[in-house]
Amino acid sequence: MARKRKTDGRTPRRALWLRTLIAITACGVAVGGLAAYRTFSDDTATERPVTTEEASRLALSRLNLYQASPVAVTLTATEGGGVVVRVKGVVDYRTHRAVGSYQVTGASGSSGTSGPATGQLDHGLIVWDTGGLGLAPAPKGDNSPAWQQAEHIPRSGWSARSYTTDPLDAGLQLLIGLGADRPDNPLLLAQSGARWLGRDHVDGRSYDRFAGPRAQGATPGAGPDGGRSPLTYWVDGDGGLRRVTMRMPGLGTPTTLEFSGRDGRAKLPEAPWATS
């Protein structure tokens, strides 16, 4: 994308937290949270450190995303005050670019009954990369995939900005950095505090649920989460990544990233990143 404008962040403490979180992700792992779609837990075992085999599968998960590109994704972020942002799109981890559509829902005034009605507050197209994001209105009457719609919008039609520390931006930044062209070091993952949390069935398939490495300097057993990473990964028996959740300070509902596998039809548009 073109050079982004600087935007106001939140407090220095929260900005430091976000930088630490992204650094953890680059090392390779993730946080437990609410499950989306059909998820069932099939055991009640106590969490424990990962085994060598589990660490190896976790270490492969980012490489598998990279190799599957472009990957279909869904991001759901709670912004507070009942506002929810959902992004559906595709990510190409080879180019570190992504495109999709977004929808914002929340309280939209009085429903005439007992309280505010919940409805759509905004929607449109979104592109993002490692440097920031861009938004554009969706073409009216166009029901084609978002990546096709985005190709018809010129560079000047996109409103670009840098990332902030809001839940949506943090989720997009995490999402674009998850894929890697090589596996992580499983020994380092295990030594950094990655933990097995349980096993779930998501849409009929079995996944192990892992907490990622702890933040640097975190003390095991300390804090409200026992020093555990704010990221949780759902990984299958082949190292395939199905879901990642990320807890944000002060929010009860984590940001959720869902991966639906390769979308071989998708072709990311050049227009949002064009320089001329």
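Residues numbered from 1 in each chain as written. Predicted model: local features only at pLDDT ≥ 70, side-chain atom pairs only at ≥ 80, totals over all residues. Heavy atoms only, no water.

1. Some thoughts on the overall build of the protein chain
For step 1, the next point in the chain: Counting its regular elements, the protein chain contains five helices and 13 strands.
For step 2, the next point in the chain: Burial status across the protein chain gives 46% buried among its 276 residues.
For step 3, the next point in the chain: Residue pairs at least 24 apart in sequence account for 65% of intrachain contacts in the protein chain once pairs closer than 6 positions are excluded.
For step 4, the next point in the chain: Accessible surface computed for the protein chain: about 13300 Å², of which carbon and sulfur atoms make up 51%. (Helix = DSSP H or I, 4+ residues; strand = E, 2+ residues; numbered from the N terminus. Buried < 20%, exposed > 50% of the residue type's maximum accessible area, 1.4 Å probe, protein only. Contact = heavy atoms within 4.5 Å. Areas by Shrake-Rupley, 256 points an atom, 1.4 Å probe, with all protein chains shown as cover.)

2. Some words on the packing of aromatic side chains
For step 1, the next point in the chain: Evaluated as defined, the whole model comprises zero aromatic pairs.
For step 2, the next point in the chain: When the ring centre of Tyr66 is taken as origin, the NZ or CZ atom of Arg94, which lies over that ring, is 5.0 Å away.
For step 3, the next point in the chain: The residue whose ring lies beneath Arg243 is Trp234, and the NZ or CZ to ring-centre distance is 5.0 Å. (Phe/Tyr/Trp six-rings, centres within 6.5 Å; stacked < 30°, edge-to-face > 60°. Lys NZ or Arg CZ within 6 Å of the ring centre and 35° of its normal.)

3. Describing unusual backbone geometry
For step 1, the next point in the chain: The omega angle of the peptide bond from Ser69 to Pro70 is 0°, so this bond is cis rather than trans.
For step 2, the next point in the chain: Its location among the elements puts Pro70 in the loop between helix H2 (52–68) and strand E3 (71–80).
For step 3, the next point in the chain: Of note in the backbone geometry, His96 takes a positive phi value of approximately 55° without being a glycine.
For step 4, the next point in the chain: Structurally, the position occupied by His96 is in the loop between strand E4 (83–92) and strand E5 (97–110).
For step 5, the next point in the chain: Its identity is not glycine, yet Asp203 carries a phi of approximately 50°, on the positive side.
For step 6, the next point in the chain: Mapped onto the elements, Asp203 comes out in the loop between strand E9 (195–202) and strand E10 (205–211).
For step 7, the next point in the chain: Assessed through its relative accessible area of 43%, Asp203 is described here as partly exposed.

4. Let's talk about the side chain of Gln149
For step 1, the next point in the chain: Tracing the chain through its elements places Gln149 in helix H3 (residues 146–151).
For step 2, the next point in the chain: By relative accessible area, which is 7% here, Gln149 ends up buried.
For step 3, the next point in the chain: Contact partners of Gln149, with chain neighbours within four places excluded, come to Leu125, Ala138, Pro139, Asp142, Asn143 and Ser144.

5. Points about H2
For step 1, the next point in the chain: Its 17 residues place the ends of H2 24 Å apart at the C-alpha level, agreeing with the 24 Å of an ideal helix rising 1.5 Å per residue.
For step 2, the next point in the chain: Roughly 30° is the biggest bend found in H2, and it falls at Ser61.
For step 3, the next point in the chain: The set of residues buried in H2 consists of Glu54, Ala55, Arg57, Leu58, Ala59, Ser61, Arg62, Leu63 and Leu65. (Expected span 1.5 Å × (residues − 1). Bend = angle between axes of the 7 residues up to and from the residue.)

6. Focus: the confidence of the model for the protein chain
For step 1, the next point in the chain: When pLDDT is averaged across the protein chain, the result is 82; 75% of the residues are at 70 or more.
For step 2, the next point in the chain: Contacts from residues 2–38, a stretch scored under 50 in pLDDT, to residues over four places away or in other chains number 107 contacts. (pLDDT = per-residue confidence, 0-100.)

7. Brief notes about the pairing of E10
For step 1, the next point in the chain: The element E10 is largely enclosed, with a buried count of five among its seven residues.
For step 2, the next point in the chain: Bridge analysis of E9 against E10 gives seven bridges, and the strand direction is antiparallel. Across the sheet, residue Val202 finds its bridge partner in E10, namely Arg205.
For step 3, the next point in the chain: Hairpin remark: E9 followed by E10, antiparallel, with two residues in the connecting loop; positive phi at Asp203, about 50°.
For step 4, the next point in the chain: Taken together, the four bridges between E10 and strand E11 (residues 231–235) define a ladder with antiparallel strand orientation. Within E11, the residue paired with Phe210 across the bridge is Tyr233. (Pairing = 2+ DSSP bridges.)

8. Quick look at the pairing of strand E7 (residues 132–136)
A regular strand places its side chains on the two faces of the sheet in alternate fashion.
For step 1, the next point in the chain: Burial analysis of E7 places four of its five residues in the buried class, the great majority of the element.
For step 2, the next point in the chain: Sheet topology places E7 next to strand E8 (residues 159–162); four bridges connect them, and they run antiparallel. The residue bridging Gly134 from the neighbouring strand is Ala160, located in E8.

9. Digging into the nonpolar core
For step 1, the next point in the chain: Membership of the largest hydrophobic core comes to 40 residues, with the highest contact counts inside it found for Trp128, Leu175, Leu178, Val244 and Phe259.
For step 2, the next point in the chain: With six residues, helix H4 (residues 167–176) is the single largest residue contributor to this core.
For step 3, the next point in the chain: Setting aside chain neighbours within four positions, we find Leu175 in contact with Val73, Leu75, Val91, Tyr93, Trp128, Leu257 and Phe259.
For step 4, the next point in the chain: Core analysis: the second largest hydrophobic core is formed by 13 residues, Val90, Ala136, Ala146 and Ala266 among them. (Core = buried A, V, L, I, M, F, W, Y, C linked by side-chain atoms within 4.5 Å.)

10. Some remarks on the environment of Asp208
For step 1, the next point in the chain: Note that Asp208 resides in strand E10.
For step 2, the next point in the chain: A sequence separation of 31 residues divides Asp208 from Gly239, and the C-alpha atoms of the two residues are 9.7 Å apart.
For step 3, the next point in the chain: When neighbours within four sequence positions are excluded, Asp208 is seen to be in contact with Arg57, Trp196, Gly198, Arg199, Tyr233, Trp234 and Val235.

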